[in-house]
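Fold and geometry: a report
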Amino acid sequence: MLFRSVVLAFSVIHAAFTGVSGLGTSCSTPLGAGTAASGDPYWLESIKHQGIAAFNSNPSGYQVFRNVKDFGAKGDGVTDDTAAINAAISSGSRCGGGSCHSSTVTPAVVYFPKGTYLVSTPIIAYYYTQLIGDAKNPPTLLASASFTGMAVIDADPYIPGGGGAQYYVNQNNFFRSVRNFVIDVRNVPATSSQGTGIHWQVAQATSLMNIVVQMSTASGTAHQGIWMENGSGGFMGDLVFNGGKYGIWVGNQQFTVRNITVNNANTGIYSNWNWGWTFQGVNINNCQVGFDLATGGVTQATQSTGAQAIIDATVVNTPIFVRTSQASNGKLGGSIVLNNAQLTNVPTAVGVVGGAVVLAGGTTTVTSWGQGNVYHGTSSASTFTQGSIHAATKPSVLLDSSGKIFGKTHPQYANYALSQIVSVRDNGAKGDGRTDDTAALKAIFAQYAGCKIIFFDAGTYVVTSTLTIPAGTQIVGEAWSVIAGSGSAFQNQASPQVVVQAGAANSQGVLEISDIIFSTIGPAPPSPFSVNSAFKDPTFSSSVTSAWGLKVVTSTNIIVFATYQISVNEVGIVNQSGNVDGFASTVTAWSPT
């Protein structure tokens, strides 16, 4: 059985209309606002935990949801909870420690009830892990005065004595989420860079949400909220950084950041290298520099920062909004787009290290300004521009009351009572990766769409015909629950059928889907193929015990799609180390001659 991922939806919100055209049979009016009392625990803490890891070697015995207090954490701000928290994360032979590069068969939600958790060394976030604090009363992770280690939360530790080796390959460090925490490093000496909130060297399918980092504001502070030196893509939103040398220090690519606030830091965002970053909803207050960008490198060996889009920024009492390390001097050397940047007492809007002013500031609004190559129509020719550029038209329905692009945070339903949540496993769905759950899921939607928040307990839910999610439905997964299409209905390439349909024709309503993966299950590989899980890439690493692979038994002509390695008589013909980007190759066509 082969899984092919089609769509990843970690916080997908489709907001079409405010009304609901159809409701489940269990209610006559839409769900409405949450009814949880102020003293009620967050529903995720109280709901029955029966999620499964469908493809774990022991699915019935493997624990997906872990409450750190069940592992001995106290949360009293006095007891050192480091060992208990890391035990909650690592139990169950999970993927970490440097011996496992990736795994999707050991998912975990590690939950922190409200409280203050004292830590003296890093909390190590394993692969395929969601660290979730109480969304109603976010817990505090308090670094002790004697804290040692790279950061309070470390998503990719360096292996001691490993010569720079880490737990995971940074571009393959997928499936991570940290949400609902206050991280306080103010007890760590101000001049120590170990006062770092999060080491976040990650790639796709990762997120940081609803986090506040408290750092020292002392002169010479070395504290930093987030440090990431490498990786490939992800999302961050609803973040606040108070104090520190840097709010965030980044070296990564293809990130989206929304609703970020930095107060009283030396530098709000420092970029060592990156490209393809979009910042929207940026608030910078009382910093020395808003964005400090290392620029000028245009080769692979000298790569620095480029392709920065900063949209809907509010900057107050900050001498420099954006600063580059080198002047462009009339050519591309770090592209920047500013759109709707509202400045108050910001003397320099764009400057260069050394004092040169590219764009004067003051108390003003930068409507649309760019630095880089501008293209027109279908022409491949470009013109270097450093000045005002055409502003994109934004329909009023996409803007909030302040004129900024409307945004909505990842739904967590913190104000909803447990009675407003319904579990799909409690209502007949299995999620075991084998049972056809189509009828059960359709019945659940028919009964509860628009009436309850539908909770997909961790698992893999197989569907064999199109599953329509009605308008007005709110569904949320656990550790990235999977809805997987399987069977003949999805195997006719001449008449493709969708696995999941969001809303029916002519329907109206708000549809929220979060923490869900949409995937497909393909047939087992036919002869002359056999899955060769023991195949090792001889040019890769001695620590690799097995690899993705397809072993050719016999063939005269072969076309292979969406695989990473291919071997003939257990001799690899496409090896990971042979690629300049470090990835194993995707083979689309091969023949023995």
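Bear in mind the structure is a predicted one, so any value in this text is a computation, not a measurement.

Criteria and cut-off values
Residues numbered from 1 in each chain as written. Predicted model: local features only at pLDDT ≥ 70, side-chain atom pairs only at ≥ 80, totals over all residues. Heavy atoms only, no water. Disulfide = S-S within 2.5 Å. Helix = DSSP H or I, 4+ residues; strand = E, 2+ residues; numbered from the N terminus. Buried < 20%, exposed > 50% of the residue type's maximum accessible area, 1.4 Å probe, protein only. Polar contact = N/O pair within 3.5 Å; in protein donor to acceptor, adjacent residues only side chain to side chain. Contact = heavy atoms within 4.5 Å. Pairing = 2+ DSSP bridges. Salt bridge = Lys/Arg side-chain N within 4 Å of Asp/Glu carboxyl O. Phe/Tyr/Trp six-rings, centres within 6.5 Å; stacked < 30°, edge-to-face > 60°.

**Brief notes about the state of the cysteines**
Going through the model one piece at a time under the given rule, you end up with two disulfides. Each disulfide pairs two cysteine sulfurs, and for Cys-27 the partner residue is Cys-451, the sulfurs being separated by 1.9 Å. Looking down the S-S bond of the Cys-27 and Cys-451 bridge, the torsion is -70°, so its handedness is left-handed. One end of the pair, Cys-27, is in the loop between strand E1 (2-15) and helix H1 (43-46); the other, Cys-451, is in the loop between helix H3 (438-448) and strand E27 (453-456), with 424 residues separating them in the sequence. You can call Cys-27 partly exposed: its relative accessible area is 23%.

**What to know about the side chain of Thr-221**
Within the secondary structure, Thr-221 is located in the loop between strand E12 (206-214) and strand E13 (224-228). A polar atom in the side chain of Thr-221 sits 3.2 Å from the backbone nitrogen of His-223. Once residues within four sequence positions are removed from consideration, Thr-221 is found in contact with Ala-190, Ser-216, Gly-244, Lys-245 and Asn-266.

**Some remarks on H3**
All of the buried residues along H3 are Thr-438, Ala-440, Leu-441, Ile-444, Phe-445 and Tyr-448. Looking at the packing, one finds that the buried side of H3 touches strand E25 (421-423), strand E26 (432-436), E27, strand E28 (460-463), strand E29 (467-469) and strand E30 (474-486). Within two residues after H3, Gly-450 carries a phi angle of roughly 80°, on the positive side.

**A closer look at unusual backbone geometry**
The backbone of Asn-345 sits at a positive phi, close to 55°, despite the residue not being glycine. Locating Asn-345 in the fold gives a position in strand E22 (residues 336-352). Relative accessible area serves as the criterion here: at 45%, Asn-345 is assigned to the partly exposed category. Phi is positive for Trp-480, close to 60°, though the residue is something other than glycine. Looking at where Trp-480 falls in the secondary structure, it is placed in strand E30.

**Quick notes on the pairing of strand E5 (residues 116-119)**
Where strand E3 (residues 76-80) meets E5, two bridges bridge the pair, whose relative direction is parallel. Looking across to E5, one finds that Asp-76 is bridged to Thr-116. Inspection of the sheet shows E5 paired to strand E8 (residues 140-143) by four bridges, in the parallel sense. Residue pairing in the sheet places Leu-118 in a bridge with Leu-142 of E8.

**Quick notes on the pattern of salt bridges**
What the rule picks out here adds up to seven salt bridges. The partner of Asp-184 in a salt bridge is Arg-186, and the shortest N-O contact between them spans 2.8 Å. For Asp-184, a relative accessible area of 11% corresponds to the buried category. Arg-258 is the partner of Asp-238 in a salt bridge, and the nearest nitrogen-oxygen pair spans 3.3 Å. Pair noted here: Asp-238 is in strand E14 (residues 234-242) and Arg-258 is in strand E16 (residues 255-263), with a separation of 20 residues, a long-range link. In this pair, the class of Asp-238 matches that of Arg-258, namely buried.

**Some thoughts on the packing of aromatic side chains**
The final tally for this structure, using the stated rule, is 21 aromatic pairs. Residues Trp-227 and Trp-249 carry aromatic rings whose centres are separated by 5.8 Å and whose planes lie at 50° to one another, so their mutual orientation is tilted. With Trp-227 in strand E13 and Trp-249 in strand E15 (residues 246-253), this pair connects stretches of sequence that are 22 residues apart. When its relative accessible area of 15% is taken as the criterion, Trp-249 is described as buried.

**Notes on the environment of Thr-324**
Locating Thr-324 in the fold gives a position in strand E21 (residues 320-324). Taking the C-alpha atoms as reference points, Thr-324 and Val-358, separated by 34 residues in sequence, lie 9.9 Å from one another. Beyond its immediate chain neighbours, meaning those up to four positions away, Thr-324 contacts Leu-293, Thr-295, Ile-336, Gly-351, Val-352, Val-353 and Gln-371. Here the side chain of Thr-324 touches Gln-326 through a polar contact of 3.0 Å, landing on its backbone oxygen.

**A look at the pairing of E22**
The buried fraction of E22 amounts to twelve of the 17 residues, a majority that puts the element mostly inside the structure. Where strand E20 (residues 308-316) lies against E22, eight bridges are found, and the strand directions are parallel. Across the sheet, Val-316 pairs through a bridge with Thr-344, a residue of E22. Relative to E22, E21 runs parallel, the two being bridged by four bridges. Paired with Ile-320 across the bridge in E22 is Thr-348. Pairing geometry for E22 and strand E23 (residues 357-375), over eleven bridges, is antiparallel. Bridging across to E23, Gln-342 finds its partner in Thr-365. Hairpin connection, E22 to E23: the antiparallel pair is bridged by four residues, and Gly-354 has positive phi, about 110°.

**Quick look at the environment of Gly-522**
One can find Gly-522 in strand E32 (residues 510-522). The exposure class assigned to Gly-522 is buried, which follows from its relative accessible area of 11%. As for Gly-522 and Ser-488, which are separated by 34 residues in sequence, their C-alpha atoms are 9.8 Å apart.

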